[in-house]
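Descriptive structure summary
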Amino acid sequence: MSTTASTAGEAGASDRAGASRRTGTFYRGDPGMWSWVLHRITGVLTFFFLFVHVLDTALVRVSPNAYDEVIETYKNPVVNLLEVALVGAVLYHALNGIRVLLVDFWSRGTQFQRPMLWTIIGVWVLVMVPGTYFMLERTVSELFGGGN
Amino acid sequence: MTAQSETLALDKPRSPRRPAARRSNFELYSWVFMRISGLALVVLVLGHLFIMNILDGGVHRLNFAFVAGRWASPFWQFWDLAMLWLAQLHGGNGLRTIIDDYARRDSTRFWLKMLLYVSMVLILFVGTLVIFTFDPDIPAS
Ligand code: HEM
Ligand code: HEM
């Protein structure tokens with residue numbers, strides 16, 4: 001037990017300080033690992049949302065009023081913010097999913113996995129800035145703009 | 001991995017005949033499925049989110065009449081149906097992997113998967129039924 005732990009510790013310490021960290025033999029703690037953690041979290045989140053979402057859509061089979069009442073919650077300011085978060089999560093998952101596909105199927109995918117991570121983060125920001133604006137525009141103007 | 005090395009640790013590894021390893025290719029197919037469905041979902045889900053949240057008025061224009069207008073067209077019916085099935089199977093398969101990763105006891109794993117499969121069947125059934133039986137003239141309340 002203790003032997004294993006100390007060996008691993010030493011190996012870790014020397015490797016982390018030395019070349020193999022730079023040449024990327026360490027996965028743990030690498031941005032590549034965090035991109036996977038986020039991919040997992042956003043995937044689960046979307047799946048849970050979908051569960052609720054199909055059930056709320058099913059209210060169209062109950063009555064127009066029942067559906068309209070539930071869909072009103074989507075227009076609530078707080079829920080509106082959650083929608084931005086959901087869109088952000090799905091967008092990250094989609095972009096990172098494309099990156100995973102390129103790593104798996106493109107001959108030079110592994111070599112470029114890190115620049116591709118910075119690229120998808122860049123794309124994410126570029127899409128989310130105007131996206132957030134359009135999603136919140138009306139809510140914000142109704143809350144703070146005096147309203148018409 | 002373990003299963004494989006166990007199969008190879010035979011008494012007579014070079015004997016001309018040994019029982020074929022009874023492995024299924026399910027995990028390979030599900031790996032491929034995750035990638036193909038993911039590609040399709042990029043268009044389906046991001047398109048859906050763009051239409052619902054950003055295009056003319058976003059969520060503020062959503063109501064029964066809006067859905068009735070969309071589901072009058074077979075194109076959007078098919079879009080939603082494909083999105084329902086692919087997202088549910090893709091997400092469900094992803095969750096199956098996650099349960100395998102984190103559940104420590106066999107019984108926990110078994111029951112979590114049962115819960116997952118039941119919820120998948122429920123959602124696929126309800127979602128499909130709703131698209132196929134949608135009635136724009138249903139009474140208001
Ligand atoms: C806040 C974001 C979202 C809004 C406002 C929204 C809105 C809607 C609306 C109004 C419908 C009714 C059918 C139609 O008009 O096409 C619908 C159906 C559907 N949505 Fe979304 N959606 C959102 C996010 C998502 C996401 C992230 C997914 C996928 C993971 C998704 C999957 C579906 C599916 C599968 C259906 C069909 C449901 C059925 O078969 O009964 N939606 N959505
Ligand atoms: C929008 C397009 C999407 C793309 C391109 C995509 C891509 C992928 C890929 C390639 C994987 C496999 C990752 C791996 O094997 O390491 C994956 C996993 C997963 N996806 Fe998606 N996906 C998309 C949408 C969705 C949706 C709508 C959901 C939820 C309903 C979802 C839930 C999941 C889950 C739960 C996993 C498992 C994560 C894990 O094992 O760590 N994905 N996705």
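Residues numbered from 1 in each chain as written. Chains lettered and ligands numbered in written order. Predicted model: local features only at pLDDT ≥ 70, side-chain atom pairs only at ≥ 80, totals over all residues. Heavy atoms only, no water.

**Comments concerning the overall build of chain B**
Scanning chain B for helices and strands turns up five helices and zero strands. Written out in order from the N terminus, the α and β elements of chain B read α-α-α-α-α. The buried share among the 141 residues of chain B stands at 40%. Considering only residue pairs separated by 6 or more positions, chain B has 66% of its internal contacts joining residues 24 or more positions apart. (Helix = DSSP H or I, 4+ residues; strand = E, 2+ residues; numbered from the N terminus. Buried < 20%, exposed > 50% of the residue type's maximum accessible area, 1.4 Å probe, protein only. Contact = heavy atoms within 4.5 Å.)

**Overview of the coordination of the iron atom of ligand 1**
Coordination of the iron atom of ligand 1 by the protein is provided by His53(A) (NE2) and His48(B) (NE2), with metal-donor distances spanning 2.0 Å. Considering all six donor atoms around the iron atom of ligand 1, the spread of angles at the metal, 83 to 178°, places the coordination shape in the octahedral class. On the criterion of chain membership, the pair formed by His53(A) in helix H3 (residues 31-57) and His48(B) in helix H2 (residues 26-53) is interchain, its members lying in two chains. On the accessibility criterion, His48(B) (13% relative accessible area) is buried. (Donors = N, O, S within 2.8 Å, 3.2 Å for Na, K, Ca; no water. Tetrahedral: all angles 85-135°; square planar, octahedral: opposite > 155°, others 65-115°.)

**A look at the coordination of the iron atom of ligand 2**
Taken together, the protein donors to the iron atom of ligand 2 comprise His93(A) (NE2) and His90(B) (NE2), at separations of 2.0 Å. Coordination at the iron atom of ligand 2 is octahedral, judged from the six donor atoms that bind it and the angles of 85 to 180° they form at the metal. Remark: His90(B) occurs in helix H4 (residues 74-102) and His93(A) occurs in helix H5 (residues 77-105); the pair is interchain, linking two chains. In this pair, the class of His93(A) matches that of His90(B), namely buried.

**With respect to the packing of H3(A) against H4(B)**
Close contact between H3(A) and H4(B) brings their axes to 10 Å; oriented N to C, the two are set at 130°. For the element pair H3(A) / H4(B), the angle class is oblique. Crossing of H3(A) over H4(B) shows left-handed handedness. Two secondary-structure elements touch here, H3(A) through Trp36(A), Arg40(A), Val44(A), Phe47(A), Phe48(A), Leu50(A) and Val54(A) and H4(B) through Leu84(B), Ala87(B), Gln88(B), Gly91(B), Gly92(B), Leu95(B), Thr97(B), Ile98(B), Asp101(B) and Tyr102(B). Residue composition of the contact of H3(A) with H4(B), grouped by class: eleven nonpolar, four polar and two charged. (Axes fitted to C-alpha atoms, helices over the stretch in contact; angles between N-to-C directions. Parallel < 35°, antiparallel > 145°, perpendicular 65-115°, else oblique. Left-handed = near helix turned anticlockwise from the far one by under 90°. Nonpolar A, V, L, I, M, F, W, Y, C, P; charged D, E, K, R; others polar.)

**Some words on the interface of chain A and chain B**
The parts lose accessible area when they come together, and the size of an interface is often stated as this lost area. Each partner contributes residues to the interface: chain A has 40 residues there, and chain B has 43 residues. Of the roughly 3400 Å² buried where chain A meets chain B, counting both sides, 74% is carbon and sulfur surface. The largest per-residue losses of area from chain A upon contact with chain B belong to Arg40(A), Phe47(A) and Arg61(A), which jointly make up 19% of the total buried on that side. Taken together, the links from chain A to chain B amount to two salt bridges. Across the contact surface, chain A and chain B share eight residue pairs in polar contact (both at pLDDT 80 or more). (Buried area = accessible area lost by both parts, 1.4 Å probe. Salt bridge = Lys/Arg side-chain N within 4 Å of Asp/Glu carboxyl O. Polar contact = N/O pair within 3.5 Å; in protein donor to acceptor, adjacent residues only side chain to side chain.)

**Quick look at the pattern of salt bridges**
Tallying each qualifying case throughout the model produces eleven salt bridges over all chains. Residues Arg138(A) and Glu142(A) are paired through a salt bridge, measuring 2.9 Å at the closest nitrogen-oxygen approach. Of the two residues, Arg138(A) and Glu142(A) both sit in helix H6 (residues 113-144), four residues apart, roughly one turn of that helix. In this structure, the salt-bridge partner of Lys113(B) is Asp100(B), at a minimum N-O distance of 2.9 Å. Of the two residues, Lys113(B) is situated in helix H5 (residues 106-133) and Asp100(B) in helix H4; the sequence distance between them amounts to 13 residues. For Asp100(B), a relative accessible area of 30% corresponds to the partly exposed category.

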